[in-house]
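Structural overview
Take a look at the letters that make up each chain.
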Amino acid sequence: MKRWLSLAISILALAVAPTTVLAGQDSVHFGPISSGSTDSGTCRPVWANDTYKRVFDAATMPNLDGTYNVTETFIAGRFVTVAGSSPGACESGPDSGGTIGDGVTGSFSGNFMIVVSNGHFDPSATCESGCDTTADFVATVYGPAATYDIPSFGFTYHANGPDLVQREWHNASADQGGNFGDIRN
């Protein structure tokens, strides 16, 4: 009985133990990489200044059409508003349209689904510096001739402040739910 119990435990341990992929990886993880940028709303080029960390999961093998897929995730995002039109001010709907004051703070997270063309994955690429924008990452990892498109994106913003009428805005492509909500006074 002890022998069967020991054998059963060994088999169970093998079944639930994590596996290691020894053949080539399908993607490589880069980051987190500290970054920052201005943030555009639906009515104006800058509604906030953002700081965040970028994480990239980059395909090592091309799709059948020669393109590569990359997921760029934005984590630990923080924003500070610039007074003017609210980020969703030019959207239609009952919860849009308005203004936002200067200095409202909040947090956000989101992602870009990136399709890289005209490049080749460089297995020796590193992002110790020079990968703090999407364009820099693509050039570093897929080569300077590589181009990219962002067909899908989604971000959720949460604002702080007692004088806000709305505190949450979703800025997204149609496949990720589209824009809705707002952050406004």
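Up top is the structure these notes are about.
Below: a short report on this structure. (Residues numbered from 1 in each chain as written. Predicted model: local features only at pLDDT ≥ 70, side-chain atom pairs only at ≥ 80, totals over all residues. Heavy atoms only, no water.)

1. Observations concerning the side chain of D50
Selection rule: The secondary structure listing takes helices from DSSP runs of H or I that are at least 4 residues long and strands from runs of E that are at least 2 residues long, numbered from the N terminus. The cut-offs for exposure are 20% and 50% of the maximum accessible area for each residue type, with area from a 1.4 Å probe on protein chains only; residues under the lower value are buried, those over the upper are exposed, and the others partly exposed. His residues and chain termini do not enter the charge count, which takes Lys and Arg as positive and Asp and Glu as negative. Counted as salt bridges are all cases of a side-chain nitrogen of Lys or Arg within 4 Å of a carboxyl oxygen of Asp or Glu. We call two residues in contact whenever any of their non-hydrogen atoms come within 4.5 Å of each other.
Here D50 is to be found in strand β2 (residues 48-59). No salt bridge is formed by the buried D50; its nearest oppositely charged neighbour, R54, is found at 8.9 Å. For D50, the contacting residues outside a window of four places in its chain are G36, S37, D39, R78, F79 and F108.

2. Some words on the sheet that holds strand β3 (residues 68-81)
As a reminder of what qualifies: In this scheme, strands are said to pair when DSSP sees at least two bridges between them. Only the stretch in contact is used when a helix axis is fitted, and all axes are lines through C-alpha atoms; the angle between N-to-C directions ranges over 0 to 180 degrees.
Here we have seven strands laid out as an open sheet, ordered β1-β2-β3-β6-β7-β8-β9, and antiparallel in their pairing. Edge strands, defined here as strands with exactly one partner in the open sheet, are β1 (27-39) and β9 (180-184). On average, each strand axis in the sheet is inclined to that of its neighbour by 20 degrees, with strand direction left out of account. In terms of strand pairing, strand β8 (residues 166-172) meets β9 through five bridges, oriented antiparallel. In the strand pairing of β9, R167 is matched with I183.

3. Some thoughts on the nonpolar core
Basically, it comes down to this: Put simply, a nonpolar core is a bunch of buried Ala, Val, Leu, Ile, Met, Phe, Trp, Tyr and Cys residues held in one set by side-chain atoms that sit within 4.5 Å of each other.
F137 and Y142 are the most contacted members of the largest nonpolar core, which totals 33 residues. Top contributing element to this core by residue count: β2, with five residues. Ignoring sequence-local partners within four residues, the contact set of Y142 consists of A58, A59, Y68, N69, V70, V116, G119, H120, F121 and F137.

4. Some words on the state of the cysteines
Selection criterion: Count a disulfide wherever a pair of cysteine sulfur atoms falls within 2.5 Å.
Counted by the stated rule, this structure contains two disulfides. Here C43 pairs with C90 through a disulfide, and the sulfurs are 1.7 Å apart. Its S-S torsion of about 110 degrees marks the bond between C43 and C90 as right-handed, since a negative value means left-handed. With C43 in the loop between β1 and β2 and C90 in the loop between β4 (84-85) and β5 (99-100), the pair connects residues that are 47 residues apart, well separated along the chain. By relative accessible area, C43 is classed as partly exposed at 34%. Note on cysteine connectivity: C127 is disulfide-linked to C131, with sulfurs 2.1 Å apart. Across the disulfide from C127 to C131, rotation about the S-S bond amounts to roughly -60 degrees, and the bridge is consequently left-handed. Here C127 and C131 have matching classes, each one buried.

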